[in-house]
Amino acid sequence: MYKVVTKSRGRTKGIQRVDLAYAVRASSEVARDINRDVVLEFIRTKQPISRADLSRLSGLRPSTISAIVEQLLDEKWISEGPAARLPRGRRPTLLSLNPDMVILVSDIRPNQVIIAVVDLNGRFLSRETLPLIKDPARGVENIVAAMKRMIANYPDRSFEGIGLSLPGRVDPATQRLILAPNLSWSDYDIKGAIERKIPLQIEMDNAANACLLSELWFGHMDGVREAVLVTISEGVGSAILANGHLVKGKSGLAGEFGHVPIDPQGPRCGCGRRGCWEVFASSRAAINFYADSVPGAPRPTIMELLNLAEDGDEKAITALNRQAAYLGQGLSIIASVLSPEMILLTGGLTTSWKRFGPIVEKELAKNMLVGEAPRISVMTDVESDRLRGAAALVLQRHSGSNRQSANGARPKRT
Ligand SMILES: [Zn+2]
């Protein structure tokens, strides 16, 4: 015999394990912060929008909406436009992101630096390209001078912070570059050197994470919470979005799929080991395949190789087909490990996606353990994505996703 336990009030709650070291208590302040983020996101995605529509969409009471809107107006994140035109009744004023608030961003590459001013909607106000000076102290000095010029060009704008996209990983503890073989600035305190000259808060991350953030904030990833971005250039880089958050790992090195060995007897990789995925799937790999098949010919750049293929050069096509197949095989490993809904690709081969995409997709589908392959999306304006992503680094500093982290505290606004 057993007794049926009747549930009190129709429902028994389960137990949620809470990590007490990181848990944020549900104070009224936390609740207000969460609601503020929700309202700000509705304004960002539905602007221009009235308070009544914000209340309807968010389910928050009109009085709560009013209080949050006052706070956001006060913080200068949003601005109030002219009254909406309605046939009758009260004419509500509409709210939008503040067009005067901007972010200074820089994409530091191994041979050039781009500096730009971006607004909260991801629109560029200006963009400038500088050569990269190899010596880090002089290189950063050059960047600082250009940044100061740009700030001076916009005296009416309010600069919210500086975002940097870098060609290497950033150690979360030291905020210095690690694993940036093409830019020898690893021991140099880039952040400190800029902060000493320009009184704005700086956020920095690697280019792949910046691109993924850009897609998340300004792109078309609506609702996608599991994604991987793979950059194909001299090497193969990647960024991971899991459960809607960027995954960095303890050391900031999470997602180094490019250095997962797929053939222990393969060619030597820049990391010192043999047969890493990037030795087979990077742009450099395709160039090597081609050079091996045409001894004595000068080594083409990846764009030259892609152009040769478009012109029907059989050896160029064979080399790129080989790269595409290896790329697809590696993506299937990523799919097995992370089961993303979407894989975003940028760089090299993706500029001739019509020709080589089907090979990548076929290899990926063939090697899936079970079920459908993740959808592949090719990003076409990576330069802009890196810059917008650098802006998103600054924006997300203020968002709820950083509430538990050390740098999640909101700076005082003036
Ligand atoms: Zn390697």
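Everything quoted here is computed from the prediction, not taken from an experiment. (Residues numbered from 1 in each chain as written. Predicted model: local features only at pLDDT ≥ 70, side-chain atom pairs only at ≥ 80, totals over all residues. Heavy atoms only, no water.)

Caption draft 1: How the structure looks around the overall build of the protein chain. Within the protein chain, the secondary structure is distributed over twelve helices and 14 strands. Seen through its C-alpha atoms, the protein chain measures out along the principal axes to roughly 80 × 75 × 50 Å. The long-range share in the protein chain, meaning contacts at least 24 apart out of those at least 6 apart in sequence, stands at 60%. Total accessible area computed for the protein chain in this model is approximately 22,000 Å², and 51% of it derives from carbon and sulfur atoms. Averaging the locations of the 54 positively and 44 negatively charged side chains of the protein chain gives two centres separated by 7 Å. (Helix = DSSP H or I, 4+ residues; strand = E, 2+ residues; numbered from the N terminus. Contact = heavy atoms within 4.5 Å. Areas by Shrake-Rupley, 256 points an atom, 1.4 Å probe, with all protein chains shown as cover. Lys, Arg positive; Asp, Glu negative; His and termini not counted. Charge placed at Lys NZ, Arg CZ, Asp CG, Glu CD.)

Caption draft 2: Quick peek at the side chain of Glu 75. Note on placement: Glu 75 falls in the loop between helix H3 (62-74) and strand E1 (78-83). Side-chain polar atoms of Glu 75 contact the side chain of Arg 36, separated by 2.9 Å. (Polar contact = N/O pair within 3.5 Å; in protein donor to acceptor, adjacent residues only side chain to side chain.)

Caption draft 3: Molecular detail of the pairing of strand E4 (residues 112-119). The buried fraction of E4 amounts to seven of the eight residues, a majority that puts the element mostly inside the structure. Alignment of E4 against strand E5 (residues 124-131), held across seven bridges, turns out to be antiparallel. Within E5, the residue paired with Val 113 across the bridge is Leu 130. Counted between consecutive antiparallel strands, the loop separating E4 from E5 contains four residues, among which Gly 122 sits at a positive phi close to 80°. (Buried < 20%, exposed > 50% of the residue type's maximum accessible area, 1.4 Å probe, protein only. Pairing = 2+ DSSP bridges.)

Caption draft 4: View of the nonpolar core. Of all hydrophobic cores here, the largest spans 45 residues; its most connected members are Leu 54 and Ile 78. Per element, the largest residue contribution to this core is eight residues, and it comes from helix H12 (residues 382-396). Listed in part, the 39 residues of the second largest apolar core include Ile 240, Trp 353, Met 368 and Ile 376. (Core = buried A, V, L, I, M, F, W, Y, C linked by side-chain atoms within 4.5 Å.)

Caption draft 5: Region of interest: the sheet that holds strand E12 (residues 245-247). If you walk across this open sheet you meet the five strands as E12-E11-E10-E13-E14, and the pairing is mixed. Edge positions in the sheet fall to E12 and strand E14 (375-378), since each has one partner strand and no second. Pairs of neighbouring strands in the sheet enclose a mean axial angle of 25°, with direction left out of account. Contacts from helix H6 (residues 207-218) reach strand E10 (227-232), strand E11 (236-242), E12 and strand E13 (342-346), with the element oriented near 45° to E11. The sheet contacts of helix H11 (residues 353-366) involve E13 and E14, and relative to E14 the element is tilted by about 155°. (Axes fitted to C-alpha atoms, helices over the stretch in contact; angles between N-to-C directions.)

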